[in-house]
Each structure stands twice: as C-alpha cells, then as structure tokens.
Amino acid sequence: MTPTLTETLVQRHFSVSGADLCVGGLPVRELAAHHGTPLFIYDGGVMRANYRALKQALQGFAHIHYSVKANPAPAIIRLFASEGAGVEIASIGEYRAARAAGVAPDRILFAGPGKRVAELEAVIADGIDEVHVESYEEIARVAAIGARVGLRVRMSIRVNPVAAAQGGAMRMGGKPAPFGFDEEDLSNVVAAVMAQDALDLRGVHLFAGTQILDVDVLLSQWRHAIDVASRVAALAGKPLHTIDLGGGLGIPYFQGEGTLDLAGITKAVPDLQRLLRADPLLADARPIVEPGRFLAGPGGVYVMAVNASKLSRGTRFLVTDGGMHHHLAASGNLGQIIKRDYPIVAPARMDARDTSPATVVGPLCTPLDTLARKTDLPDLAADDLIAVLQSGAYGRTASPSGFLSQPEAGEILVESGVVEVMSAA
Ligand SMILES: Cc1ncc(COP(=O)(O)O)c(C=O)c1O
C-alpha cells in the first residue's frame, strides 16, 4: 500500500518509538507533559537539513535569505543565521527579532508594501543592507532619509511581474497587486530612482506567489526575474548587484502533494548562470532566494490535548485546547480556497491499529475553529494528544491569538535531544 502523506512526513522528518512520535529525538508525550499544551515543537535538525538541502541545490547560483514572517521567533532566525542565511524582514518588529537573534544589519533586506517613515529611518540609520522600495512615495521617503543622514541608501526595486505564477496557491504576481511596481511601469520607476542622488540602485526583487510545488513554475519565475533585472540594468545604465528571486518554495500539506524537486533546481543552475553571464551588467549580480515556509514549515509540530470527546448526530468531535487562534492556516482560514486537513496524528498512540473518523475542533465558539474534518484517528479521550504536522511556518504569529482571549501556545526548539524553551505555554 502506498504510504499516506502523514506516514511519509513522519518517516522523513521524525521517528517513532513504540507508541510515541519523537521530535528532535524526544517523545512528544514527554515534551507535552513537561512544557504543557498547546505547544509548538520545532525540530532544529529538520530545519537545518532543509536549509542545507536547498543551499546545496542552489550552489553556484543563489544565496539564501530566511523570510522572517514565516516564523519570527529569534531562536529560529538564529538557527538559520548560524547556517549562513541572511534574512528578509517586513517590519521593524521583524528587524528587531533578527537583531535579537544576532543578525548583523548588513545581512538584512527590508521588503513590504507599507513601510512607515520611522521604520525606514531606524533601519537605514543602523546600516541595513537594502531597502526594497514598493511605491513612488517610498522612493521619495527613502531618498529624503538618505539625504538627511548623509547616506546613499542601498535599495532595490520590487517589481510586480506580468506573468502569473501558475502553480502558486496564493498568487501575488501578474494581476493587480499592492506589492511592488507593475512591470509595465519600469522605465518610469527607474527614472524616478535614478533622479535621486541619495539612492544607490542595487537591483530588483520579484515575488510572484507562495506554496509553489512545481519546480518548472519556480524556474520560469526566476528566469523572468533575470530578464527583468537585465532591463532595469539597461534602463539605469549600470550593473546590478542584487536579483531577489523571492520565496514561495512549497511544502506538501495535503494528500497527493509531493515535495519540491530540488534536483530540478540543481539541474537548471548552469542555464541560470549562463543567463546571468549573457548580460555584462548582470555578470557580478548576486541572486537571492528568500523562502520562509520551505525552511521552517516541515520542522514544526503543533500539539494539543483533548478536552472532550463527544458524538453529535453520528459525528465524533474531539474538542482540544488548541485551535485556529494558534494555527489559522491548519483550520483552512488563511488564504485557502478549499478547506483541507493538514497532516495530523495522535503522537502518543502511533501504534494504534483501529482508527475511525473524527472532527478535531478547538475551544472557540465558531465552526471556523476546526482543525480536521472526519480524519482517521484512534479512540481518544480527555488529555490524549493530537499533533498537526507541517506547522513550523505561518503558525503562531499568523493566527488571531487574541480571539476569545484564550492562552497563548508555548514554543520550544528541540535539537538532538536538547530543549530550548522559546515561550512558555
Ligand atoms: C516579499 C516576500 N518574500 C518572501 C516571502 C516568503 O514566502 P514563502 O514562505 O512562501 O517562501 C513572502 C511571503 O509572503 C514575501 O511576501
């Protein structure tokens, strides 16, 4: 029988000992008993392995910046920084988290459609590597700040590409969008930038969509970004330093989804290098890939305890102490068009043979607070555990934690049997 996605993920990233799912070498049952529930457990080893696999695939072509929005906990940022990653931030809060994690300003890029003046002033004064501008107002603001502090501010132009990423579940390119400048307007944008003495145009930034699992879609976006970079360099009449290819590398959440073909990236690297070398103005450019989900997602497990098991008109409901207020994405309410279940297990009952359909819900008084619909789980009672896999990215901080004033989830990082408490449950 072909294994389910859940079985594949457990086998690929974690281990099972008797009845117990082990994360970072430790049983989830013990971690939940020590640290309480609801609890995000992050396996540092899995995150490092993902980083290293991607780095290997991009060898000779692109550097990696971790996109902090996926999981802004300083311990996670520190982990990727220790592997050599730079970071991409979208707010002063993310900047502070990156600095708290020990990331130097010259390893940080700032993108985002609505940066405030105070944020720009703070990061520019600190010596941030680049600001990626997304509006004419921002061009003027960044230039004014540069002039005030006597700096030529290193910046790139974020471009909203004409061609949509056909494989992205949440598409951001090729349609009206507040992110960056429309590609059709490039000549005006470059002229506006070049008119400012206090701006040092370094490159371009394209990001067309998230959760892309088809490597050919990703590669065609990257080729398009190189083409856009070439045109910007020609318009500016100067070599470019940065080609930010964006993030968007996907991970499997639902039955039938596969992993991104990293070997396909490796195979494309010579052609991508050739494209860069073909334009003298891009010969020394530094491509950057800035994934969040791909690096952080697979290492995270969200653990809840059952509060009640009840039957309503033939449907078994497992009411837990966790829910959409910690993990909006797993409830299907973070941009999904069709609500489908994330991979889910009973982490202290991995040896159970008899399972039956159960609907897993949280404590909020709304039917939106559903984490699994008629999914197969063993017979579970109060205090038994349920764990959602693929929960390391867009979990806790991408969720409405204030809704119904429930307690926050705890977060721990486990690596080779050592636990770091990031925030207590
Ligand atoms: C500018 C930018 N870069 C990177 C990312 C990270 O995307 P992902 O987690 O899909 O790799 C995002 C996500 O929205 C983004 O807006």
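Values in this document were obtained by computation on a predicted structure and should not be read as measured data.

**Section: the pairing of strand β12 (residues 199–206)**
At step 1: When you tally the buried positions in β12, you get 8 out of 8 residues, the bulk of the element.
At step 2: Pairing geometry for strand β9 (residues 153–160) and β12, over 7 bridges, is parallel. Bridge assignment links Val 159 to a residue of β12, and that residue is Leu 206.
At step 3: Alignment of β12 against strand β14 (residues 242–244), held across 3 bridges, turns out to be parallel.

**Quick notes on the packing of helix α5 (residues 92–100) against helix α6 (residues 117–126)**
At step 1: Their axes nearest at 10 Å, the elements α5 and α6 cross at an angle of 30 degrees. As summarised for this structure, α5 and α6 are arranged roughly parallel, according to the angle between their axes. Where α5 approaches α6, its residues Ile 92, Tyr 95 and Arg 99 are matched on the opposing element by Glu 119, Ala 122, Val 123 and Asp 126.
At step 2: A per-class count over the contact of α5 with α6 returns 4 nonpolar, no polar and 3 charged.

**Observations concerning the site of the ligand**
At step 1: If you check the shell around the ligand, you find 15 residues, and the closest are Thr 210, Gly 248, Glu 290, Arg 293 and Tyr 394.
At step 2: The separation between a nitrogen atom of the ligand and a polar side-chain atom of Glu 88 is 3.5 Å.
At step 3: For the ligand, the accessible surface in isolation is 390 Å², of which the surrounding protein chains cover 92%.

**What about the confidence of the model for the chain?**
At step 1: In this model, the chain carries a mean pLDDT of 95, and residues with pLDDT of at least 70 account for 97%.
At step 2: Confidence over residues 165–170 falls short of pLDDT 50; this stretch has 19 contacts with residues more than four positions distant or in other chains.

**Things to note about the nonpolar core**
At step 1: Grouped together as the largest cluster of nonpolar side chains are 108 residues, with contacts concentrated most on Phe 61, Tyr 66, Phe 80 and Trp 222.
At step 2: Both domain 1 (5–43 + 298–423) and domain 2 (104–291) contribute no fewer than three residues apiece to this core.
At step 3: Not counting chain neighbours up to four residues away, the residues in contact with Tyr 66 comprise Asn 71, Ile 76, Ile 77, Phe 80, Ala 85, Gly 86, Val 87, Glu 88, Pro 291, Gly 292, Leu 295 and Ala 296.
At step 4: If you look at the next biggest cluster of nonpolar residues, it comprises 21 residues, including Val 10, Ile 41, Val 303 and Val 345.

**Considerations on the packing of aromatic side chains**
At step 1: What the rule picks out here adds up to 9 aromatic pairs.
At step 2: With 6.2 Å between their ring centres and 35 degrees between their planes, Phe 61 and Trp 222 make a pair best called tilted. In this pair, Phe 61 is assigned in the loop between α3 (44–58) and β5 (63–67) and Trp 222 in helix α9 (residues 215–236), connecting sequence segments 161 residues apart.
At step 3: Since its relative accessible area comes to 7%, Phe 61 is described here as buried.
At step 4: According to the relative accessible area criterion, Trp 222 is buried, its value standing at 0%.
At step 5: A centroid spacing of 4.6 Å and a plane angle of 35 degrees characterise the contact between Tyr 253 and Tyr 342, whose relative ring orientation is tilted. In this pair, Tyr 253 is assigned in the loop between β14 and α10 (262–277) and Tyr 342 in the loop between β17 (315–320) and β18 (344–345), connecting sequence segments 89 residues apart. The pair formed by Tyr 253 and Tyr 342 is uniform in burial state, with each residue classed as buried.
At step 6: Taken together, the aromatic side chains of Phe 40, Tyr 42 and Tyr 302 make up a single cluster linked through ring pairs.
At step 7: Here the basic side chain of Lys 115 rests over the ring of Phe 110, its NZ or CZ set 5.7 Å away from the ring centre.

**Describing the sheet that holds strand β2 (residues 20–23)**
At step 1: Ordered in space as β1-β2-β3, the 3 strands form an open sheet in which the pairing is antiparallel. With partners counted over all chains shown, the strands left at the sheet margins are β1 (15–17) and β3 (26–27), one partner each.
At step 2: Alignment of β1 against β2, held across 3 bridges, turns out to be antiparallel. Directly across from Ser 15, in β2, lies its bridge partner Cys 22.

**Re the domain arrangement of the chain**
Interface size, as often reported, equals the accessible area lost upon joining of the parts.
At step 1: Under the domain assignment used here, the chain contains domain 1 (5–43 + 298–423) and domain 2 (104–291).
At step 2: Facing 11 residues of domain 1, the contacting portion of domain 2 comprises 8 residues.
At step 3: It is Leu 5, Arg 340 and Gln 390 that lose the most area in domain 1 upon contact with domain 2, and together they represent 50% of the buried surface on that side.
At step 4: Where domain 1 packs against domain 2, one counts 0 salt bridges.
At step 5: Across the side of domain 1 that touches domain 2, the residue classes break down as 6 nonpolar, 2 polar and 3 charged.

Cut-off values and rules
Residues numbered from 1 in each chain as written. Predicted model: local features only at pLDDT ≥ 70, side-chain atom pairs only at ≥ 80, totals over all residues. Heavy atoms only, no water. Buried < 20%, exposed > 50% of the residue type's maximum accessible area, 1.4 Å probe, protein only. Helix = DSSP H or I, 4+ residues; strand = E, 2+ residues; numbered from the N terminus. Pairing = 2+ DSSP bridges. Axes fitted to C-alpha atoms, helices over the stretch in contact; angles between N-to-C directions. Parallel < 35°, antiparallel > 145°, perpendicular 65-115°, else oblique. Contact = heavy atoms within 4.5 Å. Nonpolar A, V, L, I, M, F, W, Y, C, P; charged D, E, K, R; others polar. Near = heavy atom within 4 Å. Polar contact = N/O pair within 3.5 Å; in protein donor to acceptor, adjacent residues only side chain to side chain. Areas by Shrake-Rupley, 256 points an atom, 1.4 Å probe, with all protein chains shown as cover. pLDDT = per-residue confidence, 0-100. Core = buried A, V, L, I, M, F, W, Y, C linked by side-chain atoms within 4.5 Å. Domains from an automatic or database assignment. Phe/Tyr/Trp six-rings, centres within 6.5 Å; stacked < 30°, edge-to-face > 60°. Lys NZ or Arg CZ within 6 Å of the ring centre and 35° of its normal. Buried area = accessible area lost by both parts, 1.4 Å probe. Salt bridge = Lys/Arg side-chain N within 4 Å of Asp/Glu carboxyl O.

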